[in-house]
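Remarks on the overall topology
Spelled out from the first residue to the last, the chains are:
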Amino acid sequence: MNRLRVSARLATVTLVAFAIIAASTAVAWIAVGDSAGQPDEEPDIGAVTSALAFVRQVKSVADAATVSTQASMTPEDLAESRASLDAEIEVLHRQLDALETAGYAQAAAAMRDMTVELARRSAEIENRRPELAEVRRESERRRQELIATTNWQLLPASVASEDDVFYRLITDGGDAVTPDDLLRYSRLALLTQQVDQGSVLLEVAARQSDIAFVATVEENVDLVMYQLSDSLDVFAEDTQQDLQPALIPLSRDLVDAAYGDANLIDMMKSRLGLAASEARNIAALEGILVSLQTEATALLAQTIDSVGSVDRYGGIADALDAALATDRHLSAVAAVATARSAPTTPLGEMPAVRDAAAAGFAGVRQHLDVLDGAGHSDVVAPMRTSVDRMQSNVDNVHDGRPALVEALQSAAGQRAQLRAFFDYQLRPAVVSSLDNQLYYMLTGRSEFADGGASGSEPLSREELLRYRHLTLIFNSLFRTFSGLIIAIIISEPTLIAEAEERFATAAHRLESSIGYLEQEGGSEVHPQLVPLARQFIAFGNGEANFFDSLRHRLPLIAQEAQLIESSRQATLELQAGIDTLLDDVLSDAAALDPDANEPDARVIVLVIGIVAAIATLLLAAEVSRRRDPESV
């Protein structure tokens, strides 16, 4: 009987213990399940990834949408580019959908409105690209055609005609040169100059890139073409057979290039109008992109803050912040590193610019230290090399900037000096000499001669030669002047030889005629013409001439351009490194997912319950054994 009572007590105790263990296990199971189900205990890494992807996509769209249209862009290229841009904008919309789903609906809605406006502006630009590209191609084709026709057909025909007419005048023995013959030759010499100047002005119109100069170019073209048309009307009634057959038709083609259907002036206006419209749309587009980038960056910072609010993700947030801070400092120093020198560059602000650049580089290095300490040394190490190279480039640019700015300012001064000298001294002296010589040959009077008259025969051989050389000087002026202007404005070293050859050819002809006038000038020639002409030539071959200045200036420009290009490449390398760092950090964040690396807490509770139950059974069996007398 006693053994049965003991067994009953044990059974009762054991059942009670099992009940307690089962209840405790059930409560723990529910509590652990509720704890695991709380969404605010783990950050939304997906939101950070989506925000970062959106920021990158905005940059990609900016690179594609803000490219200016070039003549080299074929219709196939433009169609492919537009399809790609449309696809990239569609990606932006899908990324905004993901951000809305992640709980950032308000920010996503604001950015969606900007994206819609971005798509509209981009469509306007893309719609007009084919027309602008075509007019650019046609302008370049017409320019090349104009150069070839003028240099190889029209000018040779004009010069040959002028030479033939003069040769007849100077060699007709015994026949007096009539005033009509003299006026005819004078007009033919002017026609050569009009053809030369008109063709160059039309070439300028074909490659003009600044809409502010449209009116000036058109006014100059109108003046020259009016004079050329007047000359052609006179020669249209000319019955003599000493002109080259191609001269008049080709000259009329030149006038048609200025006034005919699809003329170069209208083409210039159309091209520059389309380019200005595109520039305005691109500027508006850039404004939208800046706003969109600002909003996207702010959202990215917000998502990173949500990551940092969780203790175990604090290091991840710090690394993300450091990578984005590196990007901000890099953008600031890149703007300084890629700025080119100009005549108007304020050298007085250089110390402040240097300090700002040094602070930017210090910021980049500071945040790279943080990323290095976070375990990303393999990515940071090459980035440090790029930063060092970029800062060295910037320092070298700043060191060389004073000399380059001085050289550019000198070139601007040379251009102003040449323009004033040509317009207000030399050209008036040549024109007045030419007019006075013709007037003297027709009337026997000279405004430069003492007493107002000369005893020479009005139509002597010497007077004809003098007038001939004056016309040659007049015709050579524009070519010589344009060669000097090229020496001032070009920035491509390979064009130095071409500019010098252009100047030397015209200057040689000019020098030959000056030499003749110096010996046989007579009282009809402006007294300052010869010294002014020699001073003009000295601009191109004298001491400290324009070409020497060009040889000094172009290496400075090339050196700066090389340093800037190196800095641009370093910037691309650093941006690629930042992208890699962000991807690595987000990968590290994903690796911290507790569900992926830690055992399920419910399983742990269940195991503990089972172990407790087994332990209770073992304890009960042990107590029963010790109380059973037969077990001893």
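It should be emphasised that the depicted structure is a prediction, and the values quoted were computed from it without experimental measurement.

A count of helices and strands for the protein chain gives 17 helices and zero strands. By residue count, 43% of the 632 residues in the protein chain fall in the buried class. Excluding contacts between residues fewer than 6 apart, the proportion of contacts in the protein chain whose partners are at least 24 apart in sequence is 82%. For the protein chain, the exposed area adds up to about 31,900 Å²; of that, 55% sits on carbon and sulfur atoms.

Turning our attention to the packing of helix H5 (residues 179–207) against helix H12 (residues 461–489). Across the interface, H5 lies against H12 with an axial gap of 9 Å and an inter-helix angle of 10 degrees. One finds that H5 runs roughly parallel with respect to H12. Between H5, through Leu182, Tyr185, Ser186, Ala189, Leu190, Thr192, Gln193, Asp196, Gln197 and Val200, and H12, the contact on the second element is made entirely by Leu464, Tyr467, Arg468, Thr471, Phe474, Asn475, Phe478 and Arg479. Split into classes, the residues belonging to the contact of H5 with H12 amount to nine nonpolar, six polar and three charged.

Where charged atoms from two side chains of opposite charge approach closely, those side chains can pair. Per the stated rule, a full pass over the model turns up 37 salt bridges. Across the salt bridge formed by Arg112 and Glu100, the nearest N and O atoms sit 3.5 Å from each other. Linking Arg112 in helix H4 (residues 105–171) with Glu100 in helix H3 (residues 75–101), this pair joins segments that are twelve residues apart in sequence. Glu117 serves as the salt-bridge partner of Arg121, at 3.6 Å between the closest nitrogen and oxygen.

Moving on: H3. An ideal rise of 1.5 Å per residue puts 39 Å on 27 residues; H3 measures up with 40 Å between its terminal C-alpha atoms. Burial in H3 covers these residues: Leu78, Leu85, Glu88, Ile89, Leu92, His93, Gln95, Leu96 and Leu99. Of the surrounding secondary structure, the elements contacted by the buried residues of H3 are helix H2 (45–65), H4 and helix H8 (264–308). Trailing H3 by a residue or two, Gly103 shows a phi angle of about 105 degrees, which is positive.

The next point concerns the confidence of the model for the protein chain. On average, residues of the protein chain score 82 in pLDDT, and 83% of them reach the 70 mark or higher. Here helix H17 (residues 601–627) stands out as the element of the protein chain with the lowest mean pLDDT, 43, in contrast to helix H7 (residues 247–259), whose mean of 94 is the highest. Across residues 452–456 the pLDDT falls below 50, and counting only partners more than four positions away or on other chains, this stretch makes twelve contacts in the model.

Attention shifts here to the packing of aromatic side chains. Working definition: an aromatic ring pair is given by the centre-to-centre distance plus the angle between the planes. Under the criterion given, the structure shown has eight aromatic pairs. Here Phe421 and Phe536 contribute two aromatic rings whose centre-to-centre distance is 6.4 Å and whose plane-to-plane angle is 15 degrees, an arrangement assigned as stacked. Taken together, the positions of Phe421 in helix H11 (residues 377–443) and Phe536 in helix H14 (residues 529–541) put the pair 115 residues apart, joining distant regions of the chain. By the burial criterion, Phe421 is buried, and Phe536 matches it. Here the aromatic cluster, defined as three or more aromatic residues joined through ring pairs, consists of Phe421, Phe422, Phe481, Phe536, Phe539 and Phe546. The ring centre of Phe166 lies 5.1 Å from the NZ or CZ of Arg468, which sits over that ring.

Of all hydrophobic cores here, the largest spans 86 residues; its most connected members are Leu202, Leu418, Leu426 and Phe536. At twelve residues, H12 tops the list of elements feeding residues into this core. Ignoring sequence-local partners within four residues, the contact set of Phe536 consists of Leu418, Phe421, Phe422, Leu426, Leu477, Thr480, Phe481, Leu484 and Leu510.

Attention now goes to the side chain of Asp327. Structurally, the position occupied by Asp327 is in helix H9 (residues 314–337). Judged by its relative accessible area of 15%, Asp327 is buried. Excluding anything up to four places from it in sequence, Asp327 contacts Lys59 and Ile578.

Turning to the side chain of Gln414, a few remarks are in order. Relative to the elements of secondary structure, Gln414 occurs in helix H11. For Gln414, a relative accessible area of 8% translates into the label buried. Dropping the residues within four chain positions of it, Gln414 is found in contact with Ile488, Phe546, Ser549 and Arg553.

This next bit is on the packing of helix H6 (residues 214–236) against H7. The contact between H6 and H7 brings their axes to 10 Å, and the two run at 150 degrees. One way to sum up the angle between H6 and H7 is to call them roughly antiparallel. Viewed along their axes, H6 and H7 form a crossing whose handedness is left-handed. Judged by residue contacts, Val221, Asp222, Met225, Tyr226, Leu228, Ser229, Leu232, Asp233, Phe235 and Ala236 of H6 engage Ile248, Ser251, Arg252, Leu254, Val255, Ala258 and Tyr259 from H7.

Turning next to the environment of Leu472. Positionally, Leu472 belongs in helix H12. Residue classification places Leu472 among the buried positions, given a relative accessible area of 16%. As a C-alpha pair, Leu472 and Ala506 span 34 residues in sequence and 10.0 Å in three-dimensional space. The residues contacting Leu472, other than those within four sequence positions of it, are Glu162, Arg509 and Ser513.

Calculation rules
Going along each chain's sequence as written, the residues are numbered from 1 onward. Residues qualify for local features only when their pLDDT is at least 70, as the model is predicted, and side-chain atom pairs are given and counted only at 80 or more; totals for whole chains, interfaces and linings, by contrast, use all residues. Only heavy atoms go into the side-chain values, all of them from the structure, while hydrogens and water stay out. We count a stretch as a helix when DSSP gives it H or I for four or more residues in a row; a strand needs E for two or more, and each element gets its number in order from the N terminus. Type-normalised accessible area, obtained with a 1.4 Å probe on protein chains alone, sets the label of each residue: buried when under 20%, exposed when over 50%, and partly exposed for intermediate values. We call two residues contacting when some pair of their heavy atoms lies within 4.5 Å. We get accessible surface area from the Shrake-Rupley algorithm with a probe of 1.4 Å; when it comes to residues, only the shown protein chains can shield them. Here an angle of 0 to 180 degrees is reported between the N-to-C directions of two axes, which are lines fitted to C-alpha atoms, with helices fitted over the stretch in contact. Throughout, the term roughly parallel applies to angles under 35 degrees, roughly antiparallel to angles over 145, roughly perpendicular to angles from 65 to 115, and oblique to all others. Under the scheme applied, nonpolar residues are Ala, Val, Leu, Ile, Met, Phe, Trp, Tyr, Cys and Pro; charged residues are Asp, Glu, Lys and Arg; polar residues are all the others, including Gly. Salt bridges are defined as contacts in which a side-chain nitrogen from Lys or Arg sits within 4 Å of a carboxyl oxygen from Asp or Glu. Each residue after the first adds 1.5 Å to the expected span of a helix. For every residue, the predictor reports its confidence as pLDDT, a number between 0 and 100. Two aromatic rings from Phe, Tyr or Trp, using only the six-membered ring of Trp, form a pair when their centres are within 6.5 Å; if the ring planes differ by under 30 degrees the pair is stacked, by over 60 it is edge-to-face, and anything between is tilted. By definition here, charges over rings are those cases where NZ of Lys or CZ of Arg is within 6 Å of the ring centre and within 35 degrees of the ring normal. Residues belong to one nonpolar core when they are buried, are Ala, Val, Leu, Ile, Met, Phe, Trp, Tyr or Cys, and are joined through side-chain atoms within 4.5 Å. Put simply, a crossing is left-handed when the front helix is turned counterclockwise from the back one by less than a right angle, and right-handed when it is turned clockwise.

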